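# Working through the structure, step by step
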Amino acid sequence: MENNNERKHMVLAGIAGLLVGFLVGWLWVDTGEETDTKVEKDTDQTIDLDTILKNDATEKTDSTKTEVTTPPPATPKPVTTTPPPVTVAASDNKITVETQTAGKEVKIGSLSLTDKFWVVVHEDDHGKPLRILGAKSFAAGTHTDVAMKLLRETVTGQVYYAMLHSDDGDGKFDSQKDMPVTESGGAPIMVRFEVR
């Protein structure tokens with residue numbers, strides 16, 4: 001009987017030892033190396049998913065030891081500033097677009113421009129212009145019944161926007177440089193239209 005009690009005590013001591021060893025090992029591995037996850041709120045940062053995945057430590061195991069390696073930190077990307085929008089008198093620049101049929105082009109009814117501008121067609125996102133479907137440059141002056149080709153077809157039942165954007169003079173539309181033209185109150189000069 002005494003032998004059985006002694007065995008029970010040894011088995012319980014062995015199990016307790018394994019649990020304590022597992023807990024100590026887990027805590028040691030968990031706190032072995034911390035990565036900096038703080039992001040300052042007032043700085044512009046680009047988060048790159050590939051960099052995050054590469055910064056996860058990779059384990060190399062051989063028969064005698066486990067080695068943890070971490071790749072060198074990624075070089076920060078330069079922060080680019082976006083030029084401010086061009087402000088003009090809204091009454092001097094006008095754009096009209098009528099309801100259209102779906103297709104790969106949009107017909108601009110009329111344009112009255114004081115300068116060379118881009119007309120840019122945007123998709124609707126909950127009442128606001130978002131993704132760009134196409135852009136065409138127009139010289140200062142009056143233009144009527146002009147067709148603009150689009151990158152993707154418009155969809156029946158959807159809303160779109162034709163918006164004036166500035167032209168930085170390089171002959172290519174760049175949404176980071178050729179900013180929306182706004183009236184003195186700050187609203188972009190654009191017209192909302194539907195496709196049926």
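These notes cover the structure that comes with them. (Residues numbered from 1 in each chain as written. Predicted model: local features only at pLDDT ≥ 70, side-chain atom pairs only at ≥ 80, totals over all residues. Heavy atoms only, no water.)

### Description of the sheet that holds strand β11 (residues 190-194)
Paired through backbone hydrogen bonds, the strands of a sheet run either parallel or antiparallel to each other. Quick reminder of the rule: For two strands to be treated as a pair, DSSP must find no fewer than two bridges joining them. Here a helix means four or more residues in a row that DSSP labels H or I, a strand means two or more in a row labelled E, and each is numbered from the N terminus. For helices, the fitted line uses only the C-alpha atoms of the stretch in contact; every axis is such a line through C-alpha atoms, and the angle between N-to-C directions lies from 0 to 180 degrees.
Pairing is antiparallel across the open sheet formed by four strands, whose spatial order is β7-β6-β9-β11. Two strands bound the open sheet, and with one partner strand each, they are β7 (128-138) and β11. Averaged over neighbouring strand pairs, the angle between their axes works out to 25 degrees when direction is ignored. Alignment of strand β9 (residues 159-165) against β11, held across five bridges, turns out to be antiparallel. Counterpart to Y160 in the pairing with β11 is F193.

### Notes on the sheet that holds strand β5 (residues 105-113)
Within the open sheet, the three strands sit side by side as β4-β5-β8. Their pairing is antiparallel. With one partner strand each, in any of the chains shown, β4 (94-96) and β8 (141-149) form the two edges of the open sheet. Here the strands of the sheet are splayed against their neighbours by 20 degrees on average, with no regard to which way each runs.

### So, unusual backbone geometry
When glycine is set aside, most residues are seen to have a negative phi, and most peptide bonds are trans. Positive phi, normally seen in glycine, also occurs at H126, with a value near 55 degrees. Structurally, H126 is set in the loop between β6 (117-125) and β7. Of note in the backbone geometry, D145 takes a positive phi value of approximately 45 degrees without being a glycine. Relative to the helices and strands, D145 is located in strand β8.

### A closer look at the pattern of salt bridges
Rules: Whenever Lys or Arg places a side-chain nitrogen within 4 Å of a carboxyl oxygen from Asp or Glu, that contact is recorded as a salt bridge. Each residue's exposure class comes from its accessible area (1.4 Å probe, protein chains only) as a fraction of the maximum for that residue type: buried when under 20%, exposed when over 50%, partly exposed otherwise.
Scanning the entire structure with this criterion turns up six salt bridges. Between E194 and R192 there is a salt bridge; the shortest N-O distance is 3.8 Å. Take E194: its relative accessible area is 30%, and that puts it in the partly exposed class. E194 is the salt-bridge partner of R196, the closest N and O atoms lying 3.6 Å from each other. Classification of R196 as exposed rests on a relative accessible area of 61%.

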